[in-house]
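Coordinate analysis (summary)
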Amino acid sequence: MTRIKRGYIARKRRTKIRLFTSSFRGAHSRLTRTISQQKIKALVSANRDRDRKKRGFRGLWIHRINAIIGKNKKKQYNRYSNLLYNMYKGQWLLNHKIVAQMGILKGNCLLMIANEIIT
Amino acid sequence: MALVCGSASVTFPSSSFPRHSHRNTSSSLVGLQFPFHKLVSLSLSPSSSSSNTNARILRIHSQQQDSSLVPPEQDPRFLCVEPEPRFKGPDIWNKTWYPKAADHVNTEKTWYVVDATDKVLGRLASTIAIHIRGKNLETYTPSVDMGAFVIVVNAEKVAVSGRKRTQKLYRRHSGRPGGMKVETFAQLQNRIPERIIEHAVRGMLPKGRLGRRLFTHLKVYEGPDHPHAAQKPIELPIQDKRIYLQR
């Protein structure tokens, strides 16, 4: 067979990967083999964390709701769990994000709602 | 009951706040901005007759509450701002709130002072750590230092239950072989009493760059005096009922 050099095919492929990894730290943006590995790891993390992001934010909202409900209302049932239970009972369709945002931006409104629905 | 929400939400262009939470039986809905105090008069029960009376009772009750302070039209919380800021500036409702630099300036944080006399060590440390980290605030953000400063006085009088005074060990290692140093609670309290509370609180704060910075917001002092009178510290609110040593 005729001799065929590979030429710059591999290099073309690797420069694209190198561009992706260009802001990584240390050897992870400089060494060829490490660059390929780090790109794979980065994409894996991104994929997995897109789902974790949803979990993470939900936890943050729950925590913020609990904080504001527990802070200002000194009644007996001043917890997130009671608020949610009464919201379901009263068929309020607010999602956690909006309730948490309300707690920060318009805290008094949320407390008024809570006062009404937590018996 | 979801039908009530769904049908009426068509009239409102994507303002999330009224869409989800309005459940009026009366159709006193004024465009986008509706005065929130009317929202409070919900109809919680399915039957309409009792709900009307309930709604009326609740509405009267809420208006009485409002009018005692400020008339609803002038209450700054419920002012209808035209046009609603949400549509002109950044989306403050759909993006989870994240603090700007001005929201966590060190000079505007609260300072708390707590007297450690006869308080159980761990419970006290837990309360302190919660306040330093900011977990009691609705603006809590895990990546930002939103907490308060805490001053602990009378650190040498902190209490522990059981036989911990003689049996609880504090260990440290110098790094060299055979370099483990062990002290009991009582010995450390005689030597450096502040270290006991610092050790306890540091174990309850996050470990990392932010955690180390949070730890610097804890100020522990051995006697009843502290040099932070200029910060006007207030009494730390303690919710834990078992924080006082049961004798």
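Residues numbered from 1 in each chain as written. Chains lettered and ligands numbered in written order. Predicted model: local features only at pLDDT ≥ 70, side-chain atom pairs only at ≥ 80, totals over all residues. Heavy atoms only, no water.

Our focus in this paragraph is the nonpolar core. Residue and element names in this part refer to chain B. Core analysis: the largest hydrophobic core is formed by 29 residues, its most contacted members being Leu121, Ile128, Val152, Ile197 and Val201. With six residues, helix 5 (residues 121-133) is the single largest residue contributor to this core. If sequence neighbours within four positions are ignored, valine 152 has contacts with Val114, Ala116, Ile128, Ile197, Leu218, Lys219, Val220 and Tyr221. (Core = buried A, V, L, I, M, F, W, Y, C linked by side-chain atoms within 4.5 Å. Buried < 20%, exposed > 50% of the residue type's maximum accessible area, 1.4 Å probe, protein only. Helix = DSSP H or I, 4+ residues; strand = E, 2+ residues; numbered from the N terminus. Contact = heavy atoms within 4.5 Å.)

Okay, the environment of glycine 103 of chain A next. Relative to the helices and strands, glycine 103 of chain A is located in helix 4 (residues 96-105). For glycine 103 of chain A and alanine 67 of chain A, which are 36 residues apart along the polypeptide, the C-alpha to C-alpha distance reads 9.2 Å. When neighbours within four sequence positions are excluded, glycine 103 of chain A is seen to be in contact with Ile68 and Leu110 of chain A together with Glu138 of chain B.

Turning our attention to the pairing of strand 2 (residues 149-153) of chain B. Residue and element names in this part refer to chain B. Counting buried residues in strand 2 gives five out of five residues, a clear majority hidden from the surface. Taking every second residue as pointing to the same face, both faces of strand 2 are buried, with Phe149, Ile151 and Val153 on one and Val150 and Val152 on the other. Bridge count for strand 1 (residues 111-115) against strand 2 is five bridges, and the pairing is parallel. Bridge pairing in strand 2 links tyrosine 112 to valine 150. (Pairing = 2+ DSSP bridges.)

With that settled, the discussion passes to the sheet that holds strand 6 (residues 234-235) of chain B. Two pairing modes exist for strands in a sheet, parallel and antiparallel, and in both the strands are linked by backbone hydrogen bonds. Residue and element names in this part refer to chain B. Pairing in this open sheet of four strands is parallel, and the strands run 5-2-1-6 from one edge to the other. A strand with exactly one partner marks an edge of an open sheet, and here the two such strands are strand 5 (218-220) and strand 6. With two bridges connecting them, strand 1 and strand 6 associate as parallel partners. Bridged to tyrosine 112 within strand 6 is isoleucine 234. Lying on the sheet, helix 5 is in contact with strand 1, strand 2 and strand 5; it crosses strand 2 at an angle near 155°. Strands strand 2 and strand 5 of the sheet are contacted by helix 8 (residues 193-204), whose axis makes an angle of about 155° with strand 5. (Axes fitted to C-alpha atoms, helices over the stretch in contact; angles between N-to-C directions.)

Before going further, it helps to examine the pattern of salt bridges. Within the structure shown, the criterion is met by six salt bridges over all chains. With a closest N to O distance of 3.8 Å, arginine 48 of chain A and aspartate 49 of chain A form a salt bridge. On the basis of relative accessible area, aspartate 49 of chain A is assigned to the partly exposed category, the value being 32%. Taking the shortest distance from any N to any O, the salt bridge between aspartate 145 of chain B and lysine 109 of chain B comes out at 3.2 Å. Taken together, the residues aspartate 145 of chain B in the loop between helix 5 and strand 2 and lysine 109 of chain B in the loop between helix 4 (48-69) and strand 1 connect sequence positions 36 residues apart. In this structure, a network of salt bridges that share partners links the residues Arg172, Glu183 and Arg191 of chain B. (Salt bridge = Lys/Arg side-chain N within 4 Å of Asp/Glu carboxyl O.)

For the rest of this paragraph, the subject is the pairing of strand 1 of chain B. In terms of residue burial, strand 1 of chain B counts as a mostly covered element, since four of its five residues are buried. Handedness of the β-α-β unit built from strand 1 of chain B, helix 5 of chain B and strand 2 of chain B comes out right-handed. (Right-handed = clockwise from strand over helix to strand, strands pointing away.)

Turning our attention to the environment of arginine 212 of chain B. All names here are of chain B. Here arginine 212 is to be found in helix 9 (residues 209-215). By relative accessible area, which is 56% here, arginine 212 ends up exposed. Put simply, arginine 212 and lysine 95 are 117 residues apart on the chain and 29 Å apart in space, counted from C-alpha to C-alpha.

In short, the description is geometric, and any link to function would need to be established separately.
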